Amino acid sequence: MEERQREGEPENLPGAGRFSSPGVYNRVMPDARVPAVELSRVVKSYREGESERVVLRAVDLSVAAGEIVVLLGRSGSGKSTLLNLVSGIDRPTSGTVRVEGEDVAALSETARTRLRRRRIGFIFQFYNLIPTLTVEENLRLPLELNGVDGAAGRTRALDLLGEVGLADRAASFPDRLSGGEQQRVAVARALVHEPALVLADEPTGNLDAESARQVLALLAGLARREGKTVIAASHSDEVAARADRVFTLADGRLLERSAR
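Read on for a plain summary of the structure. Counting restarts for each chain, with residues numbered from 1 along the sequence as it is written. Side-chain atom pairs in this predicted model are given and counted only at pLDDT of 80 or more, local residue features only at pLDDT of at least 70, and totals for whole chains, interfaces and linings cover all residues. Hydrogen atoms and water are omitted, and side-chain values are computed over all heavy atoms in the structure.

Things to note about the overall build of the chain
Working step 1: Along the backbone of the chain there are 7 helices and 10 strands.
Working step 2: When burial is assessed residue by residue, the chain has 50% of its 260 residues classed as buried.
Working step 3: For the area figures, the Shrake-Rupley method with a 1.4 Å probe applies, and any residue is considered shielded solely by the protein chains shown. When the accessible surface of the chain is summed, it comes to about 12200 Å², and 48% of that surface belongs to carbon and sulfur atoms. In DSSP terms, a helix is any run of H or I states spanning at least four residues, a strand is any run of E spanning at least two, and both are numbered starting from the N terminus. Only protein chains enter the calculation, and the probe is 1.4 Å; a residue is then buried if its accessible area is under 20% of its type maximum, exposed if over 50%, and partly exposed in between.

Okay, structure coming up:
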């Protein structure tokens with residue numbers, strides 16, 4: 001669990017940028033003139049023994065605020081790697097990754113952690129809910145990490161559970177929910193702290209067809225209503241059908257497949 005900011009901790013850390021400001025539970029409206037996410041000539045490679053494996057080759061991508069973009073590609077094509085670069089979990093070998101105009105790789109480790117905590121919501125294939133916390137507590141955890149607790153946090157969590165049709169499961173533990181229900185909780189958790197950007201890695205990869213349709217409709221509907229930017233990695237054409245733009249990753253290169 002990420003440590004909360006200590007009282008009196010200085011905010012002018014090297015590379016902190018806009019992602020270091022306290023009191024983060026607020027709706028910071030993105031500047032429509034600045035891309036929500038921008039990759040410029042991004043290369044990512046890894047050493048494997050004596051050889052070098054190139055995962056991404058000179059990738060360019062610009063995603064506008066409020067846009068839903070889907071990355072298609074087979075397993076191992078680099079989709080998750082690209083999401084990790086956007087979130088600052090990993091750094092590019094070369095090139096630039098910007099979130100709301102800020103060079104993510106130039107941020108300090110502390111600032112990258114705050115970026116993820118405050119401005120990004122994550123949805124994973126295997127839900128990643130904490131099994132020892134109830135559904136409500138899973139939603140309140142991101143709020144607590146951002147300094148929002150008590151009545152305000154509980155109200156926000158319960159309101160969002162109502163939005164995803166699970167208000168009656170607030171006191172349940174994750175293992176009492178179906179896969180589709182767990183992923184609906186995961187969608188709510190990704191949105192509960194009002195992030196500008198949602199990154200979804202194979203959000204329907206572990207669901208049956210009907211549950212996948214429900215989760216996709218829910219995610220797309222909430223994201224569009226609240227003006228969230230979504231980048232989703234998938235191999236599913238159903239996920240792609242919800243997108244404004246679709247890209248394919250193959251041999252390390254990102255190509256736009258279609259535009260609506």
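Additional details are given in the paragraphs that follow.
Considering empty space enclosed by the protein
Working step 1: For each structure, a 1 Å grid was placed over the protein atoms alone; sets of points admitting a 1.4 Å probe that cannot get out are labelled cavities, open sets with protein on both sides within 12 Å along at least five of seven lines are labelled pockets, and lining residues have an atom within 4 Å of a point. Grid points are joined across faces, edges and corners, and a volume is the space filled by probe spheres set on the points. In this structure the tally under the stated criterion is 2 cavities of 30 Å³ or more.
Working step 2: Considered as a void within the structure, the largest cavity measures approximately 90 Å³ in volume.
Working step 3: If you list the elements that add at least two residues to the lining of the largest cavity, you get β3 (68–72), α6 (209–226) and β8 (229–234).
Working step 4: A per-element tally of the lining of the largest cavity places α6 first, with 3 residues.
Working step 5: Residues are grouped as follows: nonpolar covers Ala, Val, Leu, Ile, Met, Phe, Trp, Tyr, Cys and Pro; charged covers Asp, Glu, Lys and Arg; every other residue, Gly included, is treated as polar. Taken together, the residues of the lining of the largest cavity break down into 9 nonpolar, no polar and 1 charged.

Examining the sheet that holds strand β5 (residues 102–103)
Working step 1: A pair of strands counts as paired when DSSP detects no fewer than two bridges linking them. Ordered by their spatial adjacency, 4 strands build an open sheet running β2-β1-β4-β5, and the pairing between neighbours is antiparallel. The open sheet terminates on both sides in strands that have one partner only, identified here as β2 (51–63) and β5.
Working step 2: Where strand β1 (residues 37–48) and β2 come together, 9 bridges link them in antiparallel fashion. Considered in β2, the bridge of S45 is made with V54.
Working step 3: Sitting on the sheet, helix α1 (residues 79–87) is in contact with β1, β2 and β4 (94–99), with an inclination near 120 degrees to β1. Contacts are residue-level and defined by heavy atoms, with any inter-residue pair within 4.5 Å sufficient. Angles shown run from 0 to 180 degrees and are taken between the N-to-C directions of axes, each axis being a line fitted to C-alpha atoms and, for helices, limited to the stretch in contact.

A word on the side chain of S234
Working step 1: Assignment of secondary structure puts S234 in strand β8.
Working step 2: Counted as a polar contact is a pair of N or O atoms within 3.5 Å, where, for protein atoms, one must be capable of donating a hydrogen and the other of accepting one, and residues adjacent in sequence contribute only when both atoms are in side chains. Among the polar contacts made by the side chain of S234, one reaches the main-chain amide nitrogen of S236 at a distance of 2.9 Å.
Working step 3: Those residues in contact with S234 that lie beyond four places of it in its chain are L71, L72, G73, K79, E202 and V239.

A word on the nonpolar core
Working step 1: One finds V70, I123, L139, L161, V164, V185 and V187 to be the most contacted residues of the largest nonpolar core, which totals 40 residues.
Working step 2: Residue assignment for this core shows that the elements contributing at least two residues are β3, α3 (135–145), α4 (150–163), α5 (179–191), β7 (197–201), α6, β8 and α7 (237–240).
Working step 3: A per-element tally of this core places α6 first, with 8 residues.
Working step 4: Beyond its immediate sequence surroundings of up to four residues, L139 is in contact with A157, L160, L161, V185, A188, R189 and V192.
Working step 5: L61, L71, L83 and L199 belong to the second-largest nonpolar core, a separate cluster that totals 28 residues. Residues enter a nonpolar core if they are buried and are Ala, Val, Leu, Ile, Met, Phe, Trp, Tyr or Cys, with the set joined through side-chain atoms within 4.5 Å.

Things to note about the pairing of β1
Working step 1: Here β1 folds back onto β2, and the loop between the two strands holds 2 residues, one of which, G49, carries a positive phi near 65 degrees.
Working step 2: Here β1 pairs with β4 via 5 bridges, running antiparallel. Bridge pairing in β4 places V37 opposite V99.

Bear in mind that shape data such as this cannot, by itself, settle questions of function.
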